[in-house]
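These are the residues of each chain, in order.
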Amino acid sequence: MFFNNTDKRYNRFSDHLREKFGVKVYKITLDAGFTCPNRDGTISSDGCVFCDSGGSFSQLYSNKISVTQQLNEGIELSKQKYKAQKFLAYFQAYTNTYKPVEELKQIYSEALGHADVVGINIGTRPDCVEDEKLDLIGELSENYYTWLEFGLQSIHERSLKFINRGHDFKTFVDATERAKSRNINVCAHVILGLPNETRQDMLETAKALADLNIDGVKIHLLCVLQNTQLSKLYFQGKIPIMEEDEYVETVCDFLELLPPSTTIHRVAGNGLKPNMLAPGWLSKKFIVMNKIDNLLEKRNSYQSLKYK
Ligand code: SF4
């Protein structure tokens, strides 16, 4: 089975966007000056073990310039580099619902006011989406393509404790159901290769997301960045890193369990960052992606093959 009139055996988000909007659509990552309750002392001061000082932000822009200016610069670059024509404003840095609702309205409206922006993706925590905030985002979804991206990482409580998420799986389920009831698309971020998780454990996360009929999944592997809690454990030899072939096999198994409608936002994290300590093999992300395509083909498999 192929998806979005391509030869892809999974429902890749970028292909889905091209099908939906008829042109190439690109996500512009933004830092709108949020912080995070798992870093400011409200839940903890340490943050998630893998999170660096950028709050999971992977791009150049910073909140020193306005959202509009970040969008203008990102859009210009993406038009030239990727020939993209429409854009999603991706609020990525830290917890992007962690302000009063009136301020959120202003911030999201500024992004959606840009002529080339067709929607927003809001990265946040499932314990930071009170009903009034979901009502606001639900209203936006009446006119714009709207996503909430929840960092879940794993359904297993012992793993959530290990990574110091500061919330449980039940909170994610509750937030997802409340968001979906307002027609907001929900994407779950997951991490493969957490210490003490077997492949079966990781696939249980896939099954639970399939049961929720999740709209999107972003698959990362456990990466060790400099100056994180995880790096200290890594240097003590306590963090085994998944091998490339094992990761590729697990991603294919994971995809087979998801519904065909679930869009796949990533299959291999962000690629190599300058401050990444491990794994080295992720430096050639496109090779990993090709290996996933090749293994699905070799298995004569595809996303949803084992979805019940
Ligand atoms: S919730 Fe996000 S921003 Fe906050 S500590 Fe965890 S990864 Fe970092």
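This text goes with the structure placed above it.
The present account deals with the structure reproduced in this document. Source: prediction; values computed, not measured.

## Notes on the overall build of the protein
Counting secondary structure elements, the protein contains 10 helices and nine strands. Over its C-alpha atoms the protein spans a radius of gyration of 18 Å, differing by no more than 12% from the 19 Å that the globule rule assigns to 308 residues. Projecting the C-alpha coordinates of the protein onto the three principal axes gives extents of approximately 45 × 45 × 35 Å. In the protein, the proportion of contacts linking residues at least 24 apart, taken out of those at least 6 apart, comes to 80%.

## Considerations on the sheet that holds strand E2 (residues 86–91)
One open sheet accounts for seven strands, arranged E1-E2-E3-E4-E5-E6-E8; its pairing is parallel. What marks the edges here is a single partner per strand, and that holds for strand E1 (25–30) and strand E8 (263–266). Adjacent strand axes in the sheet meet at a mean angle of 25°, parallel and antiparallel pairs treated alike. Pairing of E1 with E2, which is carried by six bridges, proceeds in the parallel orientation. Each bridged residue has a counterpart across the sheet, and for Thr29 the counterpart in E2 is Tyr90. Running at roughly 165° to strand E4 (residues 145–153), helix H1 (residues 13–21) makes contact with E1, E2, strand E3 (117–124), E4 and E8 of the sheet. Where helix H3 (residues 101–112) meets the sheet, its contacts fall on E2 and E3, and the angle it forms with E3 comes to roughly 145°.

## Things to note about unusual backbone geometry
The amide bond that connects Ala278 to the next residue, Pro279, takes the cis arrangement and shows omega of 0°. Among the secondary structure elements, Pro279 is positioned in the loop between strand E9 (276–278) and helix H10 (285–298). For Asn164, which is not glycine, the phi torsion reads 60° and is therefore positive. Backbone geometry at Asn300 places phi at a positive 50°, although glycine is not the residue there. Mapped onto the secondary structure, Asn300 falls in the segment after H10.

## What about the side chain of Thr262?
With respect to the helices and strands, the residue Thr262 is situated in the loop between helix H9 (244–257) and E8. Since its relative accessible area comes to 0%, Thr262 is described here as buried. Every residue in contact with Thr262, bar those within four places of it in the chain, is listed here: Asn11, Ile214, Asp215, Gly216, Val217 and Gln303.

## With respect to the pairing of strand E5 (residues 185–192)
The buried fraction of E5 amounts to seven of the eight residues, a majority that puts the element mostly inside the structure. As paired elements, E4 and E5 share six bridges and run parallel to each other. Directly across from Gln153, in E5, lies its bridge partner Val190. Crossover handedness for the path E5 to helix H7 (residues 199–211) to strand E6 (residues 216–221): right-handed.

## Here we look at helix H2 (residues 67–82)
Helix length check: H2 (16 residues) gives 21 Å between terminal C-alpha atoms against 22 Å at 1.5 Å per residue, within 8%. Among the residues making up H2, those that are buried are Val67, Gln70, Leu71, Gly74, Ile75 and Ser78. Relative to the axis of H2, the buried residues are bounded by an arc of 120° and lie together on one face. If you follow the buried residues of H2, they end up packed against E1, E2, H3 and E3. Taken from the residues just after H2, Lys83 is the one with a positive phi, measuring 60°.

## Observations regarding the nonpolar core
Core analysis: the biggest nonpolar cluster contains 83 residues, and Phe91, Tyr108, Phe172, Leu209, Tyr247, Phe254 and Ile292 have the highest contact counts within it. Apart from the residues lying within four places of it in its own chain, the contact partners of Leu209 are Leu152, Phe172, Ala188, Val190, Ile214, Val217, Phe254 and Leu258. The next biggest cluster of nonpolar side chains, apart from the first, holds nine residues, and it includes Leu17, Val25, Leu88 and Cys187.

What counts as what
Residues numbered from 1 in each chain as written. Predicted model: local features only at pLDDT ≥ 70, side-chain atom pairs only at ≥ 80, totals over all residues. Heavy atoms only, no water. Helix = DSSP H or I, 4+ residues; strand = E, 2+ residues; numbered from the N terminus. Rg over C-alpha atoms; globule rule 2.2 N^0.38 Å. Contact = heavy atoms within 4.5 Å. Pairing = 2+ DSSP bridges. Axes fitted to C-alpha atoms, helices over the stretch in contact; angles between N-to-C directions. Buried < 20%, exposed > 50% of the residue type's maximum accessible area, 1.4 Å probe, protein only. Right-handed = clockwise from strand over helix to strand, strands pointing away. Expected span 1.5 Å × (residues − 1). Arc of directions from axis to C-beta. Core = buried A, V, L, I, M, F, W, Y, C linked by side-chain atoms within 4.5 Å.

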